[in-house]
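Below, each chain spelled out in residue letters.
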Amino acid sequence: SAGKITLRMSVGIHSGEFDFFLVGDSHRELIVAGPAATRTVEMESAASAGQILLSPETAAAIPAFNRGRAIGPGMLLKGSCEAPVTEYRTATSPTEDLAQFVPVALCQLLLGGEVQPEHRPATVAFLHFHDIDTLIESGGCDDAAQRLDALVRSVQEAVDQRGVTFLGTDISADGGKIILTAGVPSTTGNDEEQMLLALRQVVSGSPALPVSIGVNWGPVFSGEIGTPYRRTYTVMGDTVNLAARLMAKAPAGEIYATSGVLEGSRTTFETTELEPFMVKGKKLPVEAVSVGDPMGSRGAQGGAGIPLIGRDDELNRISAAWEKARGGSGQMVEISAEAGMGKSRLLEEFLATSQPDSVVTAECRLYQAATAYFPFRALLRGLWALEELDIQEYEMALFNLVKSKAPQLAPWLSLIGLPLGLEIRESTEVKQLEDQFRPARTLAAVSELLVATVTSPTVFIIEDTHWMDEPSRDLLAGLLSELGHRPWMIILTRRPGDDGFVAPYESEVTTIPLQPLGLDQAKDLIYRATEDSPLPPQQVERLARQAQGRPLFLVELLQTLRSSGSLEEIPQSVEAMIAARIDTLPLADRNILRRVSVLGAGFNLEHTASVLDQDETDPGWQTRTVRRLSDFLTLDRVGWVQFNHALIRDVAYAGLPFRTRQDLHARVGDSIFAACDGRPEEFAELLSLHYFYAGRWSRSWLFSQMAGDRAKEIYANHEAAAFYERALQSANRLDWVEPPDRARVLTDLARVQYEAGLYEEAMIALRQAIRLLSDDPVARADRRLDLARSYQRMGALSQALRETALGLKLVEQSDLPEARRATARLRALRTGLLSDQFRPRMALKVGLQAVEEAEAIGEMDALARAYTKIDEAYQILGQRDQAIHEERALEIFEELGDLPGILLLAINLGVQAYADGRWDHAIAMYSKAQEVSRRSGNISAEGAATANLGEVLISQG
């Protein structure tokens, strides 16, 4: 939490004659604009927080004692205003369809049920229209009304057809603002693209009033606000504020956008980079671009350089179809899959392995879905080598092509030019052709020219056919009828559904639906994609599960991991796709999915009662609720509910308001605690999580320590570290937690971080612990010991020796038993450090002191470590006959249950026994190392022990 926030406001008031405009088509919008509105905005802008600034006209209408000092264009309100209270009169209205006054997208939302507040990623645009004051003053309200109505209608037309929400309007100087959102209240999965296309349509359509536009992408808070009798659906947050600042900077006729908007759009646009500029509310300059016309489409990430895994059958089917096509039996292949399944990557692999001599490609584009024959322009121009020609050369080249290859088609040249985007003067034959026969004659002419010009095996690729325009669909269907005896293969890609062109079920058509990769296939893909810098197995497992079997998800998650070092951040494109799926649910079910996400990626069915309103009279309500959400949740026979994919849970959870999350976590924690039957430690992990996110710091402190201790006992070091960090964060909010208690948890945290190989993090925790232990020299000495071990593991032996020296200074002069034990431990470690520096004589001297001290005080761990390093020093000096202590050290470690110590000595003793030809002893030591490494979860050590054991057995025959 950022803590408590005080909201402040400024007020501007003006009295006079105002102009109201009721405009628009798909819904009726009431807009306040004109000179009086401008005057009100001037007052508000000049007022500071906590001030009410009156225009001279308003000031003249109130008592003199309420008029304060002058500020800028107005006068402050002073004191309290007394005014007679009049009766509120309820308006009597004729029966009207009130839905006509609510924007289309909001009307659909409000009719769907109770609207819950949400956090959502969204694209927000502010459109500022200008010159209203001038129009009213020069031509009266009628001209202004007509222009304003035309502008609002054009905006509504652009946004309604693209799923963008006309959120509302606002007052502004010399005009007004229109606020648009995409992704709120629901998302289509390509919100940035839809918003930019809608805005370009408005700007390029010669708007009736000058407009300046700012657009931004990011997180927003959305929901209803207001009193019960007047409520508004709105969005709030920094994303909204920055969009408004961009609008204020943009000149008339331009769209200023941040990079996040363009990065999320598959359609690419002409852009002009702007000099970074400062805006209110931002410490650093804002970087933005001016957005021009659409240019093309960003190629789908096929995962170039990523191996193709799990698609052998699909690749073989495409290759088999190509072999038939090469033999003169034309084929069509349709690859159907949701975004991210790897359609483009599959095509890359086919082209790389088959290497066809002739390939022509085209794509359907969202912003050209209404442009006749759009994909065929690129396809035919590429096929007939017309791409680089200007318009005059273009027409002549087509004429020459027809003359040389199919002269009988000369009368139909203007029809052949249609799918190429050419306007060629019509022949007499074409003029005489009735309109209803033109499409068929066009198809026949284009098909005949293709037959004449494409005689060798050729691959035609058309991508995203779900966006194909109707004339192109008819032309493609006609070409399919000509396919049977041609050496052509037409490959189509699309998303599932009935939009655009859908391949028919015919013998020469192969339909390939791509399914998600299996978990093992996803892991194999990660291993092969990260051969140069392998990931830990835990990260591979988590990454594979998060990707949901979609190769594109996996590639983008892998890129996020490499750039940020974390898998907590969900890539923008992945989040949009999942959010679009969630938004297909009715409002009530969407809210249920978000609330159960508090329970985690998997949970017991009975726990849903703690986050949902329970119907006590209906015992089957929980089961039916979960099964109704079967696209997102799976329920097994024993009552365990699992989100189908962890990312679905993460996106659903991210949408919950923070206060709702806190309340639900508290309810879940209390429910689990009440049902634990006096054994809360068995549920410590869940209680830690829920009480932490509920802000119940005392219980979070307690159960996070318990959970960390339980994880440490089973060598789940990463998990233990997370619990200890959670405990420390909780302690920061509790005044009664004493420094020694914090230091103890910091020490536990450092030790599990050390075991996990996080040495720098461990040293940070240890230094914090040392600062907290100013009154306990023995504990500080032990922390110095831990620091030295971290330096030793990092190879920084001099720093490690320095830490042991600092530790010895703290305790050497004390005769207390605890101090003598610490002295023994520090000297035992110094022995090892000196041995590691190849200073065996000094190591022997310090080691014998450590043995003497350890034996005297009974510090067995230090004794075993000193024994081990003394033997090592003897071996370095060539005195192996005196190296007789390691067997005793191993016995001590076994008595203490010190698995790392047992493992190290077992391997060392196995190596020595093998070198001496003592086969049975070597086998016993390697077997012990194998068993201990398995118990401690040390996979690499287990592998090494197993390999050494195998080598001994082979040597023994």
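Predicted model only: the values in this text are computed from it and were never measured.

(A) How the structure looks around the overall build of the protein chain. Across its full length, the protein chain carries 37 helices and 22 strands. Along the three orthogonal principal directions, the C-alpha set of the protein chain runs to about 110 × 100 × 65 Å. Looking at the protein chain residue by residue over its 957 residues, the buried ones come to 49%. Looking at the protein chain as shown, the accessible area adds up to about 46,900 Å², and 50% of this sits on carbon and sulfur atoms. The centroid of the 95 positive side-chain charges in the protein chain is displaced by 5 Å from the centroid of its 130 negative side-chain charges.

(B) View of the sheet that holds strand β6 (residues 74–77). One open sheet holds the 4 strands; their spatial order is β1-β4-β6-β5, and the pairing between them is mixed. Lying at the two open borders of the sheet, with one neighbouring strand each, are β1 (11–13) and β5 (67–71). In this sheet, neighbouring strand axes are inclined to one another by 35° on average, regardless of whether the strands run parallel or antiparallel. Docked against the sheet, helix α1 (residues 35–46) engages β1, β4 (52–54), β5 and β6, running at close to 145° with respect to β1.

(C) Just the nonpolar core, in detail. Trp-701 and Val-811 are the most contacted members of the largest nonpolar core, which totals 79 residues. Among all residues touching Trp-701, those that are not within four sequence positions of it are Ala-727, Ser-730, Ala-731, Leu-734, Trp-736, Val-737, Asp-741, Arg-742 and Val-745.

(D) Spotlight on helix α3 (residues 104–111). Those residues of α3 that sit buried are Leu-106, Cys-107 and Leu-109. Viewed along the axis of α3, the buried residues span an arc of 160°, placing them on a single side of the element. Of the exposed residues in α3, those oriented more than 90 degrees away from the buried face are Gln-108 and Leu-111.

(E) Main features of the sheet that holds strand β15 (residues 331–336). The strand order across the open sheet built from 5 strands is β16-β17-β18-β15-β19, with neighbouring strands paired in parallel fashion. Of all the strands in the sheet, the pair left with one neighbour each is β16 (359–363) and β19 (509–513). Each strand of the sheet is rotated relative to its neighbour by a mean of 15°, with strand direction disregarded. Both β16 and strand β17 (residues 458–463) contribute to a ladder of 5 bridges, which runs parallel. Counted as the bridge partner of Ala-362 is Ile-462 from β17.

(F) Region of the structure containing the pairing of β17. Most of β17 is tucked away, with 5 of its 6 residues classed as buried. Between the parallel pair β17 and strand β18 (residues 488–494), the chain is carried across by helix α15 (residues 470–481), and the sense of this crossover is right-handed.

(G) Local environment of the confidence of the model for the protein chain. Confidence in the prediction for the protein chain averages 88 pLDDT; 96% of positions are at 70 or higher. Mean pLDDT values for the elements of the protein chain range from 76 in helix α18 (residues 551–564) up to 98 in strand β12 (residues 255–257). Ignoring residues within four places in sequence, the model shows residues 300–304, a span with pLDDT below 50, making 12 contacts including any to other chains.

(H) Layout of the packing of helix α29 (residues 777–794) against helix α31 (residues 817–836). Two elements in contact, α29 and α31, have axes separated by 10 Å at closest approach and are oriented at 15°. In terms of orientation, α29 lies roughly parallel with respect to α31. Crossing angle aside, the handedness with which α29 passes α31 is left-handed. Residues Val-778, Ala-781, Asp-782, Leu-785, Ala-788, Arg-789 and Gln-792 of α29 form the contact with α31, whose own contacting residues are Glu-818, Ala-819, Ala-822, Arg-825, Leu-826, Leu-829, Gly-832, Leu-833 and Asp-836. When the residues that make up the contact of α29 with α31 are grouped by side-chain class, the tally is 9 nonpolar, 2 polar and 5 charged.

(I) Local environment of helix α32 (residues 840–857). Given a rise of 1.5 Å per residue, 18 residues ought to cover 26 Å, and the 25 Å separating the end C-alpha atoms of α32 matches this to within 8%. Among the residues making up α32, those that are buried are Pro-840, Ala-843, Leu-844, Val-846, Gly-847, Ala-850, Val-851, Glu-853, Ala-854 and Ile-857. Buried positions along α32 lie against α31 and α33 (860–876). The first or second residue beyond α32 is Gly-858, which carries a positive phi of 80°.

(J) Up close: the pairing of strand β3 (residues 29–33). Here β3 shows a clear split, with Glu-29, Ile-31 and Ala-33 buried on one side and none of Leu-30 and Val-32 buried on the other. Here strand β2 (residues 19–23) hands over to β3 after 5 residues, with Gly-24 in that stretch at a positive phi of 110°.

(K) View of the packing of helix α24 (residues 684–694) against helix α25 (residues 697–713). Contact geometry for α24 and α25: axes closest at 8 Å, N-to-C directions at 145°. In terms of crossing hand, the pair formed by α24 and α25 is left-handed. In this structure, α24 contributes Ala-684, Glu-685, Leu-687, Ser-688, Tyr-691 and Phe-692 to the contact, and α25 contributes Trp-697, Arg-699, Ser-700, Phe-703, Ser-704, Met-706, Ala-707 and Arg-710. Broken down by class, the residue content of the contact of α24 with α25 amounts to 8 nonpolar, 3 polar and 3 charged.

(L) Representation of the packing of aromatic side chains in the model. Across all of its chains, the model carries 8 aromatic pairs by this definition. The interplanar angle of 75° and the centroid separation of 5.7 Å between the aromatic rings of Phe-692 and Trp-697 together place this pair among those described as edge-to-face. Classification of Phe-692 by relative accessible area gives buried; the value is 11%. Through a chain of ring-to-ring contacts, three or more aromatic side chains come together here, namely Phe-673, Tyr-691 and Phe-703. If you follow Arg-649 out to its NZ or CZ, it ends over the ring of Tyr-653, 4.4 Å from the centre. When the ring centre of Trp-697 is taken as reference, the NZ or CZ atom of Arg-733 above it lies at 4.3 Å.

(M) Examining the side chain of Asp-133 more closely. Note on placement: Asp-133 falls in helix α4 (residues 132–160). Despite its burial, Asp-133 pairs with no opposite charge; the closest candidate is Arg-39, at 10 Å N-O. Leaving out residues up to four positions away in the same chain, Asp-133 has contacts with Gly-34, Pro-35, Thr-38, Asp-174 and Gly-175.

(N) Expanded view of unusual backbone geometry. With an omega of 5°, the peptide bond running from Val-184 to Pro-185 counts as cis. By the secondary structure assignment, Pro-185 is in the loop between β9 (175–182) and α5 (191–204). The phi angle at Asp-174 is positive, at roughly 55°, despite the residue not being glycine. In this fold, Asp-174 is placed in the loop between β8 (165–172) and β9.

(O) Summary view of the pattern of salt bridges. One pass over the structure, following the stated rule, counts 43 salt bridges. We note a salt bridge from Asp-293 to Arg-200, for which the minimum N-O separation is 2.8 Å. You can see Asp-293 sitting in strand β14 (residues 289–297) and its partner Arg-200 sitting in helix α5, a full 93 residues away along the chain. Classification of Asp-293 as partly exposed rests on a relative accessible area of 36%. On the basis of relative accessible area, Arg-200 is assigned to the buried category, the value being 11%. The partner of Asp-782 in a salt bridge is Arg-825, with the nearest N and O atoms 2.8 Å apart. You can see Asp-782 sitting in helix α29 and its partner Arg-825 sitting in helix α31, a full 43 residues away along the chain. According to the relative accessible area criterion, Asp-782 is buried, its value standing at 14%. Where salt bridges share partners, they join Glu-118, Arg-120, Asp-583, Arg-590 and Arg-594 into one cluster.

(P) Spotlight on the environment of Thr-823. Tracing the chain through its elements places Thr-823 in helix α31. Ignoring any residue separated from it by four or fewer positions in sequence, one finds Thr-823 in contact with Leu-808, Val-811, Glu-812 and Glu-853.

(Q) Highlighting the side chain of Ser-336. When you line up the elements, Ser-336 lands in strand β15. Looking at Ser-336, the relative accessible area reads 13%, which means it is buried. Contact partners of Ser-336, with chain neighbours within four places excluded, come to Arg-494, Arg-495, Pro-496, Ile-512, Pro-513 and Leu-514.

(R) The environment of Ala-288, seen in detail. Within the fold, Ala-288 resides in the loop between β13 (267–273) and β14. Distance from Ala-288 to Val-215, taken between C-alpha atoms, is 9.7 Å for residues 73 residues apart in sequence. Excluding residues within four positions of it along the chain, Ala-288 makes contact with Leu-246, Ala-257, Glu-273, Leu-274 and Phe-277.

Criteria and thresholds
Residues numbered from 1 in each chain as written. Predicted model: local features only at pLDDT ≥ 70, side-chain atom pairs only at ≥ 80, totals over all residues. Heavy atoms only, no water. Helix = DSSP H or I, 4+ residues; strand = E, 2+ residues; numbered from the N terminus. Buried < 20%, exposed > 50% of the residue type's maximum accessible area, 1.4 Å probe, protein only. Areas by Shrake-Rupley, 256 points an atom, 1.4 Å probe, with all protein chains shown as cover. Lys, Arg positive; Asp, Glu negative; His and termini not counted. Charge placed at Lys NZ, Arg CZ, Asp CG, Glu CD. Pairing = 2+ DSSP bridges. Axes fitted to C-alpha atoms, helices over the stretch in contact; angles between N-to-C directions. Contact = heavy atoms within 4.5 Å. Core = buried A, V, L, I, M, F, W, Y, C linked by side-chain atoms within 4.5 Å. Arc of directions from axis to C-beta. Right-handed = clockwise from strand over helix to strand, strands pointing away. pLDDT = per-residue confidence, 0-100. Parallel < 35°, antiparallel > 145°, perpendicular 65-115°, else oblique. Left-handed = near helix turned anticlockwise from the far one by under 90°. Nonpolar A, V, L, I, M, F, W, Y, C, P; charged D, E, K, R; others polar. Expected span 1.5 Å × (residues − 1). Phe/Tyr/Trp six-rings, centres within 6.5 Å; stacked < 30°, edge-to-face > 60°. Lys NZ or Arg CZ within 6 Å of the ring centre and 35° of its normal. Salt bridge = Lys/Arg side-chain N within 4 Å of Asp/Glu carboxyl O.

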